[in-house]
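# Per-entry structural report
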Amino acid sequence: MPQTLAPPAPEPAAVRPSGSGTAPDAELSALAERHGLTVSGARPSLAEYTRQLWHRRHFITSFATARLTAMYTTAKLGQLWQVITPLLNAGVYYLIFGVLIGTRKGVPDYIPYLVTGVFVFTFLQNSVMAGTRAISGNLGLVRALHFPRACLPISFCLAQLQQLLYSMGVLMVILLAFGQLPTWSWLLVVPALALQFVFNTGLAMVMARLGARTPDLAQLMPFIMRTWMYASGVMFSISVILKGKHLPQIVVVLLNGNPAAVYIDLMRFALIDSFTRHQLPPHVWAFAAGWALLAGVVGYVYFWKAEERYGRG
């Protein structure tokens, strides 16, 4: 009787060793999702990111206060340097620009005019400089703790706002000494500072992301900020300088629409009686709100886009 050959037995399926990395990505993703696992350091949605920032608002304010306190702990005069530094700068600018170059001519109440410009631009300059180093200068904190990285540039700008508020007390004394009595227009300082704070914070977030990838940017920023200051009418009146000069209209628009000049002009309009409405650019409040909205939204989204990359370079 002929024998029937049985079909060959199937070979046993190869067993994938655990952790070999050969499992399809879809299976790994499904397994992780089933057990509630998420990617370490993954960027949350913009709404979730905003919610996390709000939950850490007390950390932001406490960190800002602690940083401001620690900034002058080694100096004998301590917190007084918050006021002395911009006053010394104003004194130097008055001597060079006001007296030697003569920019005080045609500008009533030149000293209050100058000191207001110096204080407001110092707020902008220090916020941008601090934002540039917000990530690159705090890598230990960024790598050790999990928190929304936007806490850092926001807290740095908040520290600069606190420093400006201290300086505002001295500015009020200077204004009173030169005959500027309090009026209802002084209340305009609040919305002007609020808009500038939003603008400064948005710009600081942009610089924080750029500075995190290119730390050498911090060495370049003082030159950029100094050039910006000279174009912002801190030591002189833009309208007086432009009078009688036949410059291209685009130059006039850029000088008057310069955000630093806009916020400085708003503060001068609020505090100085001789700085009247006709010296303000047209639609100055619209300019101020527009710059704040643009910088705040663009800066926030731009910073959030790189959230998962901070501290991993």
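Treat the numbers as computed from the prediction; the structure is a model and nothing was measured.

### With respect to helix H4 (residues 81–101)
- With 21 residues, H4 extends 28 Å from end C-alpha to end C-alpha; this agrees with the ideal 30 Å at 1.5 Å per step.
- Within H4 the residues assigned to the buried category are Gln-82, Val-83, Pro-86, Ala-90, Tyr-93, Phe-97 and Gly-98.
- Contacts made by the buried residues of H4 are with helix H3 (57–70), helix H5 (110–132), helix H7 (151–177) and helix H9 (217–230).
- Two residues or fewer after H4 comes Gly-102, characterised by a positive phi angle close to 85°.

### Notes on the UniProt feature "transmembrane region" (unreviewed entry) in the chain
- When the UniProt feature table is mapped onto this chain, "transmembrane region" (unreviewed entry) is found at residues 80–104, 110–129, 150–178, 184–206, 227–244, 250–271 and 283–303.
- Between the C-alpha atoms that bound residues 80–104 the distance is 28 Å, and the span itself is 84% helix and 0% strand.
- The span residues 150–178 carries 93% helix and 0% strand; its end-to-end C-alpha distance comes to 41 Å.

### As for helix H2 (residues 46–55)
- When we look at burial in H2, the residues that qualify are Tyr-49, Gln-52 and Leu-53. Here the buried residues of H2 occupy an arc of 100° about the axis, which is enough to place them on one side. Turned more than 90 degrees away from the buried face of H2 sit Ala-47 and Trp-54, all of them exposed.
- Buried positions along H2 lie against H3, H7 and helix H13 (284–305).

### Let's talk about the nonpolar core
- Core analysis: the largest hydrophobic core is formed by 82 residues, its most contacted members being Phe-121, Met-235 and Leu-271.
- Those residues within four positions of Leu-271 in sequence are excluded, and the remaining contacts are Met-168, Leu-171, Met-172, Leu-175, Gln-180, Trp-186 and Val-189.

### Observations regarding the packing of aromatic side chains
- By the definition in use, this model includes 13 aromatic pairs.
- Between Phe-199 and Tyr-263, the aromatic rings sit 5.6 Å apart at their centres with planes inclined by 45°, giving tilted as the arrangement. Note that Phe-199 is positioned in helix H8 (residues 189–213) and Tyr-263 in helix H12 (residues 259–271), a separation of 64 residues in sequence. Grouping residues by exposure puts Phe-199 and Tyr-263 together as buried.

### Here we look at the pattern of salt bridges
- Tallied over the entire structure, the rule returns 2 salt bridges.
- Here Glu-48 ties to Arg-51 by a salt bridge, and the two come within 2.4 Å at their closest N and O atoms. Linking Glu-48 with Arg-51, this pair stays in helix H2, spanning 3 residues, or about one helical turn.
- Among the salt bridges present, the one from Arg-268 reaches Asp-265, with a minimum N-O distance of 4.0 Å. You can see Arg-268 and its partner Asp-265 sitting in helix H12, 3 residues apart, about one turn around the helix. Asp-265 shares its class with Arg-268; the two are buried.

What counts and what doesn't
Residue numbering note: each chain is counted from 1, following its sequence as written. Whole-chain, interface and lining totals are the exception, using all residues; otherwise, since this is a predicted model, local features are given only for residues with pLDDT of at least 70 and side-chain atom pairs are given and counted only at 80 or more. Hydrogens and water molecules were not included; the side-chain quantities draw on all heavy atoms of the structure. For helices the rule is a DSSP run of H or I covering at least 4 residues; for strands it is a run of E covering at least 2, with both sets numbered from the N terminus onward. A helix is expected to span 1.5 Å multiplied by its residue count minus one. The cut-offs for exposure are 20% and 50% of the maximum accessible area for each residue type, with area from a 1.4 Å probe on protein chains only; residues under the lower value are buried, those over the upper are exposed, and the others partly exposed. Contacts are assigned to residue pairs that have any heavy atoms within 4.5 Å of one another. UniProt positions are given in the numbering used here, feature names are shortened, and annotations may be inferred rather than shown by experiment. Of all possible arcs, the one meant is that of the directions from the helix axis to the C-beta atoms. Here, nonpolar core refers to any group of buried Ala, Val, Leu, Ile, Met, Phe, Trp, Tyr and Cys residues whose side-chain atoms link them within 4.5 Å. Only Phe, Tyr and Trp rings are paired, with Trp represented by its six-membered ring, and only when their centres lie within 6.5 Å; those with planes under 30 degrees apart are stacked, over 60 edge-to-face, the remainder tilted. In what follows, salt bridge is the name for a side-chain nitrogen of Lys or Arg lying within 4 Å of a carboxyl oxygen of Asp or Glu.

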